[in-house]
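Okay, here's what each chain looks like letter by letter:
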Amino acid sequence: MSKVHVSATVNGDPVEFLADPRESLLDCLRDHLGLTGTKEGCGTGDCGACSVLVDGTLLCACLVLGVEAEGKTIGTIEGLAQGHELHPLQRAFIDHAALQCGFCTPGILVASKALLDQNPDPTEEQVRFWLAGNLCRCTGYDKIVRAVMDAAAEIRGA
Amino acid sequence: MAKDDTHAYRLIGTRPNRPDGLDKVTGRARYGADMALPGMLHAAVLRSPHAHARITRIDTSRAEALAGVKAVITRADLATGQSGEDWNLTENTLAGEVALYDGHAVAAVAATSKFIAQDALALIDVEYEVLPHLIDVDDAIRPDAIALRPGSADASVPDGSPANVVKQIEFGHGDLDAGFAAADLVREGRYLTEATHQGYIEPHACVAQLGADGKGEMWVCTQGQWYIRKMCAAVLGLEAAQLRVTPSEIGGGFGGKTTIFAEPLALALSRKAGGRPVKLVMSRSEVLRATGPTASASMDVKIGMKRDGTITAALCDFRMQGGAFPGAPVDMALFCALAPYKLDAVKCIGQDVLANRPKAAAYRAPGAPMGAFAVESLIDEMAQELGLDPLEVRLKNAVREGDKSSYGPTFGSIGLVEVLEAVKAHPNLSAPLGPNQGRGIASGYWFNHGGETSVTVAVSEDGGATVSVGTPDIGGSRASIALMVAETFGIGYDDVRVNVVETGALGVNEPTHGSRATFASGKAAVISAKAAISEMCRRAAADWGIEPEAVEWIDGAAVPAGPNAGQFPPLTMAEIAAKMGETGGPISGHPEVTAEGVGASFGAHVVDVEVDSETGKVTILRYLVVQDAGTAIHPAYVEGQYQGGAVQGIGWALNEEYVYGRDGRLQNTVFLDYRIPVASDLPMIDTVIVEVPNPGHPYGVRGVGETGITPPLPAIANAVAAATGVRLRHLPMSPPKVLAALKARG
């Protein structure tokens, strides 16, 4: 199957790649652009490890075709920190020991940022329901929820 | 949180940031599937669609002819003539004459792209003769059951046993008849648990390269690089020393990554493709269909109790299927099931049974959650019947140091009574409960493993320390080992770097399993640091012209031991390190040990649930984990182990199960259908770390990783019984089952 040329913006940078029409955005990010921070846990949109922002919308990159990225603006975990300056969520996850194996962490951070961008003061219940699409098998979510609530408070200046 | 005040540790017990935290929050950490090499091929695996079928013909010629296909392998490409577990591993890696379960690998392809490899699978022609299958453990031991793998039973199985029993275990002590006769109440019950999967979020992945000269390399997500090196060598007929295995960061394991599944396929494909590297990444459905779930269990328990709650006798008769191969953890289930109780009369019998399911792998405290479900449920029931507080019954019968355990050995220092007392004192026990709500409690037990351990602690030129360990870091062990090494040297936590290294860098290490990484690698690292300190004291003594015995190590520096040794200013680690090239060469410590002095860990959980009488849904309202850590080196990651274990147990108790169709095929092969707990299912998980130091570890560490999954199954069953008056003896307590039980109650 002949490949399709795709132009997009990823983490603020212009990118181009050739996508097999069967390839997911996740595979294109990982295999063509070297952005392996976005993880594949299931390939069926159930685990959230591949959470990315496409034109500001939180999506599972495994459920988007690479060719659909044409002209889109995409945000991945690699774009969360500004140089050495970590996003408050990233710092909170380290401070709270909110990761064990760390495999779900990129997806949960991207999803959490999407939450705080639209709701800077979520309740515990709102955090839990927002993150219900992001599976973590190590932590039992306790420290993750605390980290997100803490980062939200920091961003609000509370 | 009880802290042992007799030790004034500088760093141990603090909560610094983990050394690998930055990599893991920025996406930089490299896991199994994150590796790519020049010239790399991509693998795909053809799997049996049948639960049990004879393979009458495989023709790979059409697949081989597809442009871009570089290798196709079948069983003929693996080693022959093995026996024992090596044979089982080979049989599981690729089916030989018979496919033994739905998802059993039959052939594999390496091609220049993932799509070509996938397309090639459809061109492999396989003819099957479908055979009758067995899924349920009790069906598999019926007298008329077909024999799945005749000749698989070992010498422990008595003549005349059912055909699919491959191992039998029996132990106990005391006079069981007298014990039951002395009881005021004797009750028995049958308890069933379904198979569950470890559910790590990272699928198995590796990049492997193997030449015709038998030399190879592999990058792989594994809990134990040496274990899988040995296993791959056996399956492929290689010399283990010629394989170099580098562990990637690991996206969860829980026991399921201590063994091999597809790794030998990647190596064999590489060998057949002229030595080009081959990447193999499993899909989630391959993980669920073909990698180690745990066993399913059918368990009979009989207990005798006096009116005051004293247990007079206990009998356990457990059967577990661990798939089409020996290895169901029925032995460990029985060792742990009655471990919290001091018993004068006990007997345990277990059978390991074959069925047409994937080969079981270890899953966090293998076997112990099932055994606890059976025993802790029945004890709760009997306490209720006698009008006794279930916590007091557990305290009354609790094992203490010096007691003979239910499985034989005498307990050393243990903390069960301290755990139960901490439970008693916790405010969750007095939280008010509403209608349809109930509280359950249960105890649990797991061991701590020592095992082969090789570590190097090297003093760096600037006075820091580089620690090489062989145990992959799954939940913060780099941090805990760095804390112990820094504490021992008297230097800063940030002055220590802990690296997880490949098989060429150290002697053989057992995996990160058996709750051993912080215990065994940590203990070996402390011994190494002490060896390096001795050498630094010797260098200081030489510099000062005094005897080495006249030098001691205080706060990161060599100092004269008392006024008689002479007056010299302290020589810091940095000062000694800066000159080590001219004072005798590099300074490091490097023990090779089989770590001893393990410290087992008891825990108890208290859970409050609400049961929806219209839907049968069970909601967790409150959850408390209390567990003995010995010494909590990094308390945040100890809490993390407690919380994670509890939530895996919650999933097992309420949702998770392998669902098979009548055709013997697994029906729930994606996370949507194999539903593990999500954030909105849960409350915060409260923890109390009890610290009864383990005298066998320099800082008192016990294994903490596994005990936490043991109490949740019975604790939740006990809470559901308290809320509804209905006792569920078959997990999971999913809404349909709970609803049916409520309807039967009326």
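Rules behind the numbers
Residues numbered from 1 in each chain as written. Chains lettered and ligands numbered in written order. Predicted model: local features only at pLDDT ≥ 70, side-chain atom pairs only at ≥ 80, totals over all residues. Helix = DSSP H or I, 4+ residues; strand = E, 2+ residues; numbered from the N terminus. Rg over C-alpha atoms; globule rule 2.2 N^0.38 Å. Buried ≥ 20, exposed ≤ 12 C-beta atoms within 10 Å, placed from the backbone. Contact = placed C-beta atoms within 7 Å. Domains from an automatic or database assignment. Core = buried A, V, L, I, M, F, W, Y, C linked by C-beta atoms within 7 Å. Pairing = 2+ DSSP bridges. Axes fitted to C-alpha atoms, helices over the stretch in contact; angles between N-to-C directions. pLDDT = per-residue confidence, 0-100. Nonpolar A, V, L, I, M, F, W, Y, C, P; charged D, E, K, R; others polar. Left-handed = near helix turned anticlockwise from the far one by under 90°. Parallel < 35°, antiparallel > 145°, perpendicular 65-115°, else oblique.

Novice: An account of the overall build of chain B is requested, with residue identities and associated values reported.
Specialist: Within chain B, the regular secondary structure consists of 20 helices and 28 strands. The C-alpha atoms of chain B give 27 Å as radius of gyration, which agrees with the globular expectation for 746 residues (27 Å, within 12%). Summarising its shape, the C-alpha atoms of chain B cover approximately 85 × 75 × 50 Å along the three principal directions. Buried residues in chain B amount to 60% of all 746 residues.

Novice: Before we move on, could you go through the overall build of chain A and cite the residues and values that matter?
Specialist: A tally of regular secondary structure across chain A gives five helices and five strands. With the principal axes as the frame, chain A shows a C-alpha extent of 50 × 30 × 25 Å. Here chain A holds 158 residues, and 58% of them are scored as buried. Here the analysis covers contacts within chain A between residues at least 6 apart in sequence; of these, 60% occur between residues at least 24 apart.

Novice: Got a sec to walk through the domain arrangement of chain A? Specific residues and values, please.
Specialist: Residue and element names in this part refer to chain A. Domain assignment breaks chain A into domain 1 (4-77) and domain 2 (88-156). One C-alpha centre belongs to domain 1, the other to domain 2; they are set 22 Å apart. On the side of domain 2, eleven residues touch domain 1, which itself brings 14 residues to the contact.

Novice: Now, about the nonpolar core: what can you tell me, with residues and values included?
Specialist: Ranked by size, the top nonpolar core spans 303 residues in total, and within it B:A43, B:V485, B:I716 and B:V720 carry the most contacts. In this structure, this core is formed jointly by two domains, domain 1 (4-77) and domain 2 (88-156) of chain A, each of which donates at least three residues. Discounting residues that sit within four places of it in the chain, B:I716 has contacts with B:G440, B:V607, B:V609, B:I650, B:A653, B:L654 and B:M733.

Novice: Break down the sheet that holds strand β9 (residues 205-210) of chain B for me, citing the residues and quoting the values.
Specialist: All names here are of chain B. Spatially, the seven strands line up as an open sheet ordered β3-β5-β1-β12-β9-β10-β11, and their pairing is mixed. The strands lining the two open edges of the sheet, one partner per strand, are β3 (69-73) and β11 (243-247). Pairwise comparison of adjacent strand axes, ignoring direction, gives a mean angle of 20° for this sheet. Examined bridge by bridge, β3 and strand β5 (residues 105-111) share four bridges and lie antiparallel to one another. Its bridge partner being in β5, V69 is matched across the sheet by A111. Where helix α7 (residues 225-236) meets the sheet, it contacts β10 (216-220) and β11, and its direction lies at approximately 145° from that of β11.

Novice: How would you explain the confidence of the model for chain B if you had to name every residue and give the values?
Specialist: Per-residue pLDDT for chain B has a mean of 97; in total, 99% of the residues score no lower than 70. In the model output, the complex is listed with pTM 0.97 alongside ipTM 0.98.

Novice: Please give an account of the interface of chain A and chain B that cites residues and values.
Specialist: Contact with chain A, which involves 43 residues of that partner, is made by 42 residues of chain B. Sorting the residues of the side of chain A that touches chain B by element identifies α2 (88-95), α3 (105-118), α4 (124-130) and α5 (142-156) of chain A as the ones contributing at least two each. No other element matches α2(A), which puts four residues into the side of chain A that touches chain B. Class assignment of the residues belonging to the side of chain A that touches chain B gives a composition of 22 nonpolar, eleven polar and ten charged.

Novice: Give a detailed account of the packing of helix α11 (residues 368-385) of chain B against helix α19 (residues 712-724) of chain B, specifying residues and quantitative values.
Specialist: All names here are of chain B. Contact pair α11 / α19: the axes reach a minimum separation of 7 Å and the direction vectors enclose 35°. Relative to α19, the crossing made by α11 is right-handed. Every residue of α19 that contacts α11 at P369, A372, F373, E376, S377 and D380 is listed here: L713, P714, A717 and N718. A per-class count over the contact of α11 with α19 returns six nonpolar, two polar and two charged.

Novice: Quick rundown of the packing of helix α14 (residues 477-489) of chain B against helix α15 (residues 517-544) of chain B? Include the residues and the values.
Specialist: Helices that pack against each other are described as a pair by the angle of their axes relative to one another and the distance between those axes. Residue and element names in this part refer to chain B. Here α14 crosses α15 at 25°, and the two axes come no closer than 9 Å. As summarised for this structure, α14 and α15 are arranged roughly parallel, according to the angle between their axes. With respect to the hand of their crossing, α14 and α15 are arranged in right-handed fashion. From α14, S477, S480, I481, M484, V485, T488 and F489 reach across to α15, where they touch A517, T518, S521, G522, A525, V526, A529, K530 and I533. A breakdown of the residues in the contact of α14 with α15 according to their chemical character gives nine nonpolar, six polar and one charged.

Novice: Outline the environment of B:V670, supporting the account with residue identities and numerical values.
Specialist: By secondary structure assignment, the location of B:V670 is in the loop between α18 (635-654) and β28 (686-690). Looking at B:V670, the number of C-beta atoms within 10 Å reads 17, which means it is partly exposed. With 383 residues separating them along the chain, B:V670 and B:V287 place their C-alpha atoms 9.3 Å apart. Those residues in contact with B:V670, other than ones at most four positions away along the chain, are A:C42, A:T44, A:D46, B:R284 and B:S285.

Novice: Can you lay out the sheet that holds strand β7 (residues 165-173) of chain B for me, pointing to particular residues and giving the numbers?
Specialist: Residue and element names in this part refer to chain B. Strand order in this open sheet of five strands is β7-β15-β14-β13-β8, and the pairing throughout is mixed. Bordering the open sheet on either side are β7 and β8 (185-193), each of which pairs with just one other strand. Going across the sheet, the axis of each strand differs from the next one's by a mean of 10°, ignoring polarity. Both β7 and strand β15 (residues 346-353) contribute to a ladder of eight bridges, which runs antiparallel.

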